[in-house]
Amino acid sequence: MKASTPMSRPLDSSLDTSGSAGAPRRLRRAMDARHLVMIALGGVIGSGLFLSSGYTIHQAGPLGAVLAYLLGAFVVWLVMVCLGELAVVYPVSGSIHIYAARTMGPATGFATAWLYWLCWVVALGSEFTASGILMQRWFPTVDVWVWCVVFAGVLFTLNAISARVFGETEFWFALIKVVAIVALIVLGTMAIFGFTPLSPEPHQAVGLSNFVTPDGLLPAGLGGVLITSLAVFYAFSGAELVGVAAGETKDPRRNIPRALRSTVLRLLVLFVGSIVVIAALLPYDQAGLSSSPFVDVFEYVGVPYAADIMNFVVITALLSVGNSGLYSCARMLFSLAEEGYAPKVFTKLTRRGIPMVALLVSLAIGLVSLISSVVAAETVYLVLVSIAGFAAVAVWMSIVAAQFFHRRQYLRSGGDVADLAFRTPLYPLVPILAFVLLTASIVAIAFDENQVAALYFGIPFVGACYLFFWLRYGRRGARPVPLNEEAPAGSVD
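Given the structure is predicted, the values throughout are model-derived calculations rather than measurements.

What counts, and where the lines are drawn
- Residues numbered from 1 in each chain as written.
- Predicted model: local features only at pLDDT ≥ 70, side-chain atom pairs only at ≥ 80, totals over all residues.
- Heavy atoms only, no water.
- Helix = DSSP H or I, 4+ residues; strand = E, 2+ residues; numbered from the N terminus.
- Expected span 1.5 Å × (residues − 1).
- Bend = angle between axes of the 7 residues up to and from the residue.
- Salt bridge = Lys/Arg side-chain N within 4 Å of Asp/Glu carboxyl O.
- Buried < 20%, exposed > 50% of the residue type's maximum accessible area, 1.4 Å probe, protein only.
- Phe/Tyr/Trp six-rings, centres within 6.5 Å; stacked < 30°, edge-to-face > 60°.
- Lys NZ or Arg CZ within 6 Å of the ring centre and 35° of its normal.
- Patch = residues over 30% accessible without salt bridge, like charges linked within 9 Å, V, L, I, M, F, W, Y side chains within 5 Å.
- Areas by Shrake-Rupley, 256 points an atom, 1.4 Å probe, with all protein chains shown as cover.

Take helix 9 (residues 221-236) next. For helix 9, with 16 residues, the first-to-last C-alpha span of 23 Å sits near the 22 Å given by 1.5 Å per residue. Largest kink in helix 9: about 30 degrees, centred on Leu-230. At the exit of helix 9 stands Gly-238, carrying a positive phi of roughly 120 degrees.

Moving on to the pattern of salt bridges. By the definition in use, this model includes 3 salt bridges. Salt-bridge contacts for Arg-102 lead to Glu-339; the nearest nitrogen and oxygen are separated by 3.0 Å. With Arg-102 in helix 5 (residues 96-104) and Glu-339 in helix 13 (residues 306-339), the pair connects residues that are 237 residues apart, well separated along the chain. As far as burial versus exposure is concerned, Arg-102 and Glu-339 are alike and both buried. The shortest N-O distance in the salt bridge between Asp-308 and Arg-137 comes to 2.8 Å. Placement of Asp-308 in helix 13 and of Arg-137 in the loop between helix 6 (106-135) and helix 7 (144-161) is noted, with a sequence separation of 171 residues between them.

Here we take up the packing of aromatic side chains. Taken as a whole and judged by the stated rule, the model has 20 aromatic pairs. Ring centres of Phe-74 and Trp-77 lie 6.3 Å apart, and the angle between their planes is 20 degrees; this geometry places the pair in the stacked category. Taken together, the positions of Phe-74 and Trp-77, both in helix 4 (residues 62-89) and 3 residues apart, correspond to about one turn of that helix. Note on Phe-74: relative accessible area 36%, which makes it partly exposed. With a centroid separation of 5.3 Å and an interplanar angle of 45 degrees, the aromatic rings of Phe-139 and Trp-147 are classed as tilted. Under the relative-accessibility criterion, Phe-139 is labelled partly exposed at 39%. Ring pairs connect the aromatic residues Phe-110, Trp-114, Trp-117, Tyr-341, Phe-468, Phe-469 and Tyr-473, which therefore count as one cluster. Over the aromatic face of Tyr-427 sits the side chain of Arg-407, whose NZ or CZ is 4.8 Å from the ring centroid.

Here the focus is a nonpolar patch on the surface. A cluster of nonpolar side chains, Leu-67, Leu-70, Leu-265, Leu-268 and Val-269, forms an exposed patch at the surface whose accessible area comes to about 410 Å². Per element, the largest residue contribution to the nonpolar patch is 3 residues, and it comes from helix 11 (residues 252-281). Tracing the chain through its elements places Leu-70 in helix 4.

Below, the structure is given as structure tokens:
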């Protein structure tokens, strides 16, 4: 084997060395592959699938929606196989911006980090608000803000105890959502063939008859599929959390690739499978207009208390996304501080290896986002939401571009592809194709009046990040941690 080059060595900045006396505390590698998979699923499966999937079918037609989700799953696979190579080489906490910083320059890493952080901070506010609104179904006299505070306290506690407790709770949060989706797929498939044992009224087999609409198989044309795919890309965002959690994963060379493969397969089955069932059972011109399509399907097959069950599942889904988002925000601030681009106080760790200051600040800004959604919905909150939507695709573009440049630098420095623990297949086709498809989705936003604000605010925000970086740190930035050195540890409380 060839001598290890700097690019082939993992940036092992988060190994737990707290066992020896006086050793600096570090983020602890406490999570297994199953935790990574459920963290990714927890970040992806939210209200977009449970509440908005019917709208997607309504907009693109049954077959159009299935094609849009297939395209989304394909892009997720492209991004995830690029992420796999990077996450194994750089198994550090909040590592998404590290990829960009090491391969395309520190300013790009800086912009990527703040885009991603803001994306999840805004998500925190919206998840708390939506959860509180849904709780009023059972507790109509309790104000929404009370539930927001309660849920914020719950998620903070889960994140503050330890990384393993976070991973374990996220596993069970995500499992509830997965069980609901599997139940929909199984019971819905039975109903497609006319078998509804739970329903008091027999239903005839509908097969795929609803896929044939009065306006043909694609009532909105290919344009409807492409416009819908923009929302689908956003619906799949969160899968990249596998990379964010790399620094707290046991044996990253083995567990990260396993988690990536499992995540993509499960997303494909769960998302596409549920869309096929919903599209087959519900007329596309009525799907999801007045209620969750999951509720409609469960009521169709005769599941008792379907609305209450789905209310519980959706609240769990929202809290699961918020849980993953808070974790991601804290690790991103911690990583920025280690790189020298955020106050060093964010590197402070508790005895259990939790970046507490970063966690508290992220939660506080998330609550500010929540407040702005009430008092400044048409100004401040609109800007935040627009940037967050833009960030979902922009960060994926950063990941695939980083893999392209990483592999090129690695080969130029004399590295052997066979030495990589995980290799992106079909290089350079995969990162190039992913970048082209993601760029096309960004361009297409300009033609959708409902999403064009993402460009108005997202692009200037990125420009502002670059400008601030160059003015504050110069072109070269702070000295990054070399890949053949150990990174600074989090400071001791």
